[in-house]
Amino acid sequence: MRRRTLTTVLTAALTSTAALGVAAPALGAGSPGRGGTGRQQDRPPQLLLDDTGLYPRVIRLAHQRTANDRLLASVVSFDGPSGYGGIWESTDSGATFTQVGTVSDEALEAGEGLCCATLFELPRPLGDLPEGTLLWSASVGADATDRRMSIRIWASTDLGRSWERIAITAVAENEGGLWEPEFAVADDDTLVLWYCDETDGENHSQKIVQQTSTDALTWTDPTPTIELEDPDARPGMPNVRRLRDGRWAMSYEICGPEDLCRSYVRTADDPRDWGPVTSRDEVIRAADGTEPRHTPTLTIDADGSVVLGSQMHYGPDGDPGPDNGQVVLRSQNRTLSGRVRWVTEPAPVPVEEPWNNYCPNYSPTFVRTDSGHLLEITSAPTEEGVCRPWFGALG
């Protein structure tokens, strides 16, 4: 799937939940007490932002002392042509959210284009950045006249209230895109950054590359992480999490004429080494033969099981199935080793019939709250075309 440039904020009056494309929640469904302290009351979907909000991300703070267990969320939004990151906080386990900060700089204010942001909390000090520093990174420049996209990083040391740009890790050497940054910290305190690179178009339509840093300010040159032999294959959308056994897992998609944006997961002992860059992993299928496709995201739940979100869900016949937009997958194997059994379960924010488009259920994000809920934030369009973010939770 390819990211589309979005420079115009669409405006419309708030309509009904059905018109917004958010399905009524399946009350009473889900996995009682999974990863939490027992069955909690479900929380139907609510608007996070009554305006455009794309590419949501949510984290549960764990390195903030008295602010631990707060939820911090981000979305990409627009004020006219100007893009910005909206930062939202919940102090009641995801029952409500309040906007507390904005991420911006001169490039975003000039309308150069903004996409595909990520939100990350440093688990340990890094260079001059203290433990608990928040990082926000995004793809910038897709709409510039002389397009040379960049990956930029901003940092906050006050729980997301204020942000400072600290690095531009990469600038495209041509009009090819740089998309979808993602972070992790290795055991030796090296910060690893992945993103998708379209600048080698003659040889690779797209590949996943990585850079590393010991201070978040200066970065190594990019090296390939997944670079398939088929020049038309497009690995992308990397999402990296640490498994309970200490190894690492990366979910990603492969799009292209033959790959159909199927979802994959691979594991590694070190987040800088994922094995041969040209290797292919096994396509993820649920036990019932159905498949998650487009924009996969990865969450390690409190019990160690792995939750895999995706934009769409396909039936065994290769067409979107009846559960399209209604389910997530959960691994029955917590280590993701050997043959992994994936089963479907209801999504906290079900979206009606999402399709291959930048908005409906695009790259959903999940977190287990301290109240025991599995919370999701995802996007859905209004009938007028406004792409709004919604949050909801299952107990």
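Further up the page is the structure itself.
Participant: Quick rundown of the side chain of glutamine 210? Include the residues and the values.
Facilitator: For glutamine 210, the location among the structural elements is in strand β12 (residues 207-213). Residue classification places glutamine 210 among the buried residues on the basis of a relative accessible area of 8%. In this structure the side chain of glutamine 210 is engaged in a polar contact, spanning 3.3 Å, whose partner is the side chain of tryptophan 194. With residues near it in sequence (within four places) discarded, glutamine 210 still touches Val192, Leu193, Trp194, Asp221, Pro222, Thr223, Thr225, Pro271, Arg272 and Trp274.

Participant: So what's going on with the packing of aromatic side chains? Residues and values would help.
Facilitator: In total, this model carries six aromatic pairs according to the counting rule given. One residue, arginine 293, lies across the ring of tyrosine 314, its end atom 4.1 Å from the ring centre.

Participant: How would you summarise the pattern of salt bridges if you had to cite specific residues and measurements?
Facilitator: Evaluation of the coordinates by the stated rule reveals 26 salt bridges. A salt bridge links aspartate 188 to arginine 272; its shortest N-O distance comes to 3.0 Å. Residue aspartate 188 is found in the loop between β10 (178-185) and β11 (191-197), and its partner arginine 272 is found in the loop between β16 (262-268) and β17 (291-293); the two are separated by 84 residues along the sequence. Judged by its relative accessible area of 28%, arginine 272 falls in the partly exposed class. Between aspartate 281 and arginine 266 there is a salt bridge, with the nearest N and O atoms lying 2.7 Å from each other. Pair noted here: aspartate 281 is in the loop between β16 and β17 and arginine 266 is in strand β16, with a separation of 15 residues, a long-range link. The class for aspartate 281 is partly exposed, based on a relative accessible area of 23%. A relative accessible area of 4% places arginine 266 in the buried class. One salt-bridge network, in which partners are shared between bridges, spans Asp105, Glu106, Arg152 and Arg165.

Participant: Hey, could you go over the nonpolar core for me, with residue numbers and the actual values?
Facilitator: For soluble globular proteins, nonpolar side chains are generally found buried alongside one another. Judged by nonpolar contacts, the single largest core of 48 residues is most densely connected at Val76, Trp136, Trp154, Trp163 and Trp194. The element best represented in this core is strand β6 (residues 114-121), accounting for five residues. Core analysis: the second largest hydrophobic core is formed by 21 residues, Leu129, Val185, Val209 and Ala216 among them.

Participant: Break down the pairing of strand β23 (residues 365-368) for me, with residues and values.
Facilitator: Neither face of β23 is open: one carries Thr365 and Val367, the other Phe366 and Arg368, and all of them are buried. In terms of strand pairing, β23 meets strand β24 (residues 374-381) through four bridges, oriented antiparallel. Across the sheet, the residue bridging to phenylalanine 366 is glutamate 376, located in β24. Taking the residues that link successive antiparallel strands as the turn, the β23-β24 hairpin has five residues, and the phi of glycine 372 there is positive, at about 95°.

Cut-offs applied
Residues numbered from 1 in each chain as written. Predicted model: local features only at pLDDT ≥ 70, side-chain atom pairs only at ≥ 80, totals over all residues. Heavy atoms only, no water. Helix = DSSP H or I, 4+ residues; strand = E, 2+ residues; numbered from the N terminus. Buried < 20%, exposed > 50% of the residue type's maximum accessible area, 1.4 Å probe, protein only. Polar contact = N/O pair within 3.5 Å; in protein donor to acceptor, adjacent residues only side chain to side chain. Contact = heavy atoms within 4.5 Å. Phe/Tyr/Trp six-rings, centres within 6.5 Å; stacked < 30°, edge-to-face > 60°. Lys NZ or Arg CZ within 6 Å of the ring centre and 35° of its normal. Salt bridge = Lys/Arg side-chain N within 4 Å of Asp/Glu carboxyl O. Core = buried A, V, L, I, M, F, W, Y, C linked by side-chain atoms within 4.5 Å. Pairing = 2+ DSSP bridges.

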